[in-house]
Amino acid sequence: MTWKRWQVMPLLIVASAACAACLSSCGSDDDPSQVDTTSTTPKKDNKPSYPPPAPIFEGWEKPEFVLCVTGETHGYLEPCGCSETQSGGLSRRADLFRQIDEKEWPRAELDLGGSLKRTRRQSQIKFEILLDAMRQMGYAAMGLGTEELRLDPGYLLSLDTEDQLPLLGANVVLFGSEELTMPKRHFTTKVADKTIGVISIVGDAYRNEIVPPANDGVAPDVDITNAHAAVTKQLAALTDENAAKPDLLVLLSHAPLEESRALAEAFPQFDVVVSAGGYEDPDNKAEQIGESKTMFITVGHKGKHIGVIGYYPEAEQKLKFELIELDNQRFHETPAMTDVMRRYQERLHDEQIVQNLKPVAHESGARFVGVDQCKDCHTKAFAKWSTTRHSHAYDSLSKGREGQEDGWISRVHDPECLACHVTGWNPQQVFPYESGFVDADSTPQLKGQQCENCHGPGSIHTDLENQRVAGDLPPQDEELIRWRKNMHLDQGVAEKRLCNQCHDLDNSPKFEFAEYWKKVAHPGRD
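Residues numbered from 1 in each chain as written. Predicted model: local features only at pLDDT ≥ 70, side-chain atom pairs only at ≥ 80, totals over all residues. Heavy atoms only, no water.

Undergrad: With reference to specific residues and values, describe the packing of helix H2 (residues 90-102) against helix H3 (residues 121-137).
TA: Axis angle and axis distance: for two packed helices, these are the angle between their axes and the distance between the axes, and together they describe the pair. Taken N-terminus to C-terminus, the directions of H2 and H3 make an angle of 10°; their axes are 10 Å apart at the nearest point. Relative to H3, the element H2 is oriented roughly parallel. Handedness of the crossing formed by H2 with H3: right-handed. Counted together, Leu90, Arg93, Ala94 and Phe97 of H2 and Leu130, Ala133, Met134 and Met137 of H3 form the full contact between these two elements. Its residues assigned to classes, the contact of H2 with H3 comprises seven nonpolar, no polar and one charged. (Axes fitted to C-alpha atoms, helices over the stretch in contact; angles between N-to-C directions. Helix = DSSP H or I, 4+ residues; strand = E, 2+ residues; numbered from the N terminus. Parallel < 35°, antiparallel > 145°, perpendicular 65-115°, else oblique. Left-handed = near helix turned anticlockwise from the far one by under 90°. Contact = heavy atoms within 4.5 Å. Nonpolar A, V, L, I, M, F, W, Y, C, P; charged D, E, K, R; others polar.)

Undergrad: Account for the nonpolar core, naming residues and giving values.
TA: If you look at the biggest cluster of nonpolar residues, it comprises 53 residues, and the most contacted ones within it are Phe57, Leu96, Phe127, Met137, Leu149 and Val308. A per-element tally of this core places H3 first, with eight residues. In contact with Met137, not counting residues within four places along its chain, are Leu90, Arg93, Ala94, Phe97, Arg107, Glu109 and Met337. Counting 27 residues, the second-largest nonpolar core is a separate cluster that includes Phe65, Leu67, Ala140 and Leu319. (Core = buried A, V, L, I, M, F, W, Y, C linked by side-chain atoms within 4.5 Å. Buried < 20%, exposed > 50% of the residue type's maximum accessible area, 1.4 Å probe, protein only.)

Undergrad: So what's going on with unusual backbone geometry? Residues and values would help.
TA: The omega torsion across Met182 and Pro183 is 0°, close enough to zero to call that bond cis. In this fold, Pro183 is placed in the loop between strand E5 (172-174) and strand E6 (187-191). Phi angles above zero are rare outside glycine, and Glu104 is one such case at about 65°. Among the secondary structure elements, Glu104 is positioned in the loop between H2 and strand E2 (107-111).

Undergrad: Residue-level account of the environment of Thr387, with values.
TA: In this fold, Thr387 is placed in the loop between helix H10 (379-386) and helix H11 (393-398). When the C-alpha positions of Thr387 and Val520 are compared, they lie 8.6 Å apart, and in sequence the two are 133 residues distant. From its side chain, Thr387 meets the backbone oxygen of Lys384 in a polar contact 2.7 Å long. (Polar contact = N/O pair within 3.5 Å; in protein donor to acceptor, adjacent residues only side chain to side chain.)

Undergrad: I'd like a description of the pairing of E6, backed by residues and values.
TA: Here E6 shows a buried face lined by Phe187, Thr189 and Val191 and an unburied face lined by Thr188 and Lys190. If you look at the hairpin formed by E6 and strand E7 (residues 194-202), you'll find two residues sitting between the two strands, and Ala192 has a positive phi there, around 55°. (Pairing = 2+ DSSP bridges.)

Undergrad: Describe the environment of Lys384, and please don't skip the residues or the numbers.
TA: Among the secondary structure elements, Lys384 is positioned in helix H10. Residue Lys384 is classed as partly exposed on the basis of its relative accessible area of 27%. Along the backbone, Lys384 and Lys519 are 135 residues apart, and their C-alpha atoms lie at a distance of 8.5 Å. If we ignore the near neighbours within four places in the chain, the residues touching Lys384 are Lys518, Lys519, Val520, Ala521 and His522.

Undergrad: Can you tell me about helix H15 (residues 478-487), naming the residues and giving the values?
TA: Those residues of H15 that fall on the buried side of the exposure criterion are Leu480, Trp483, Asn486 and Met487. All buried residues of H15 project into a common sector of 120° when viewed along the axis, lining one side. Relative to its buried face, H15 has exposed residues pointing more than 90 degrees away, namely Glu478 and Lys485. Of the residues flanking the start of H15, the one acting as N-cap is Asp477, its side-chain oxygen 3.1 Å from the backbone nitrogen of Glu479. (Arc of directions from axis to C-beta.)

Undergrad: So what's going on with the packing of helix H14 (residues 459-469) against H15? Which residues, and what values?
TA: Packing of H14 against H15 brings their axes to within 9 Å, and their N-to-C directions diverge by 140°. Here H14 lies oblique to H15, going by the angle between them. Pair H14 / H15 crosses with left-handed handedness. Note on element contacts: H15 touches H14 through Glu479, Leu480, Trp483, Arg484 and Met487, opposite Ile460, His461, Leu464, Glu465 and Arg468. Within the contact of H14 with H15, the residues separate by chemical class into five nonpolar, one polar and four charged.

Undergrad: Tell me about the pairing of E7, and name the residues and values.
TA: Of all nine residues that make up E7, eight are buried, and the element is covered over most of its length. Here E6 pairs with E7 via five bridges, running antiparallel. In the sheet register, Thr188 faces E7, and the bridge partner there is Gly197. Where E7 lies against strand E9 (residues 248-254), seven bridges are found, and the strand directions are parallel.

Undergrad: I'd like to hear about the sheet that holds strand E10 (residues 272-275), residue by residue, with values.
TA: Taken together, six strands build an open sheet; the order of strands is E6-E7-E9-E10-E12-E11 and the sheet is mixed. Looking at strand neighbours, the two that pair on one side only are E6 and strand E11 (287-289), the edges of this open sheet. Looking at each pair of strands side by side, their axes are set apart by 25° on average, direction ignored. Of the strands in this sheet, E6, E7 and E9 touch helix H7 (residues 227-238), which is tilted by about 160° from E7.

Undergrad: I'd like a description of the side chain of Ser253, backed by residues and values.
TA: Assignment of secondary structure puts Ser253 in strand E9. Separated by 2.7 Å, the side chains of Ser253 and Ser260 make a polar contact. Not counting residues within four places of it along the chain, the set of residues in contact with Ser253 comprises Leu112, Ile201, Ser260, Leu263, Val273, Val274, Ser275 and Ala276.

Undergrad: Give a detailed account of the pattern of salt bridges, specifying residues and quantitative values.
TA: It is possible for side chains bearing opposite charge to pair when their charged atoms get close. By the definition in use, this model includes 28 salt bridges. With a shortest N-O distance of 3.7 Å, Arg347 and Glu351 are connected by a salt bridge. Take Glu351: its relative accessible area is 29%, and that puts it in the partly exposed class. Here Arg482 ties to Glu479 by a salt bridge, and the two come within 3.0 Å at their closest N and O atoms. One end of the pair is Arg482 and the other is Glu479, both in helix H15 and three residues apart, which spans about a single turn. Using a relative accessible area of 24% as the deciding quantity, one classes Arg482 as partly exposed. Judged by relative accessible area, which is 34%, Glu479 ranks as partly exposed. (Salt bridge = Lys/Arg side-chain N within 4 Å of Asp/Glu carboxyl O.)

Okay, here's the thing in structure tokens:
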């Protein structure tokens with residue numbers, strides 16, 4: 001059967017959600033041509049203009065305190081996608097908290113969990129960095145979700161130190177023991193002389209994602225007990241007559257919406273239920289569940305939003321809610337979180353995360369050879385490529401965009417960034433292929449988004465063509481012709497299977513194939 005590159009080759013130019021670790025490194029996607037990113041003056045163009053976002057907490061009177069809730073960050077420590085216009089990021093979180101502090105509103109912060117995408121060593125480093133950043137920002141605790149529980153349970157227990165952010169899980173059992181000090185079964189924190197009681201659960205519906213099938217009666221290293229029973233038990237502990245009764249009761253429900261709603265109805269004692277499983281970009285509304293009118297909210301995905309609940313104990317409506325999008329107009333970089341991101345990249349470098357990834361043989365059997373092996377025959381294509389941003393994609397990791405050079409944090413040791421900015425990686429799964437880029441010293445010929453990321457690894461094609469030029473192969477050799485066809489990229493395939501996987505809603509929200517294609521198209525052999 002004739003091998004077709006696009007059938008077996010994971011599309012190397014794809015920009016996965018994992019690009020979140022390097023997010024502000026990509027070129028601006030507001031326009032496919034070069035733009036000046038240093039000016040703060042809006043450029044005049046024919047695009048529709050939108051009104052600036054409304055001021056935060058518009059119409060709010062001063063609450064006794066505010067509770068800020070995040071969750072389902074999915075590894076996005078920086079804004080969601082490579083576009084500067086995308087929302088989210090730890091720095092903007094910290095800036096929101098700064099603005100709340102300037103109002104002199106007492107605050108507390110909780111996170112629902114769901115903070116990672118993968119379970120590799122890089123994921124562990126990212127998790128530790130995130131926990132430290134949240135501790136610096138003043139978070140009280142984080143619930144354990146399915147993504148955290150996919151990490152090694154021994155590793156999770158190693159995080160149980162005095163200065164670490166508390167991790168919660170009323171129905172999470174590690175190594176068969178509910179007596180371990182981590183996770184905490186219930187939790188209280190004080191703000192403005194008020195007590196917030198917190199219970200966090202993982203939904204029964206998600207149990208199969210974490211707990212392996214029964215194995216001869218051996219207890220699993222991670223188990224999820226019944227959520228309803230766990231909430232019943234921990235509510236009793238929190239509201240015991242001998243205990244300080246919380247002024248505000250919160251359930252962090254890492255469960256599908258239906259299961260979370262059922263828990264809210266079953267336990268009207270909760271003032272607030274925060275659920276997973278909602279939309280990535282939810283609307284700015286809170287549901288009211290049952291006669292107790294429990295506030296039921298979701299806070300979106302990828303760290304793009306923060307749910308803020310104002311507490312007014314003397315008012316008829318005790319709670320007020322606003323979902324705040326962390327856009328780039330109202331919120332800005334903060335030095336403390338910039339230092340956190342710098343430390344993250346330094347740790348990736350120090351532990352040689354890139355070098356320790358095991359490369360995988362490419363299914364085609366070919367190797368990556370670099371653009372210098374292409375340019376002599378494909379002169380026009382090379383000239384065109386040299387004018388595009390693909391040709392200097394690596395530079396945007398090492399130096400940043402124009403105007404960002406001062407204080408730029410290099411991402412050249414970050415696999416989640418390299419996968420989309422060099423040649424010879426699978427960016428969907430973030431691993432290098434054998435013969436793919438390793439670093440600028442050992443594989444400089446593979447820096448940037450080169451020909452082979454679209455057309456496939458070229459070693460067999462170039463070897464056959466060199467044999468033809470030397471007279472060792474006839475021009476009509478079947479293998480020679482077949483590999484020429486394999487290396488061809490059809491425009492229809494590019495539109496349906498390739499470009500839109502890189503220029504997705506995260507990384508290129510204004511992508512239009514027809515417009516972008518004009519910037520990179522190079523028809524003909526040379």
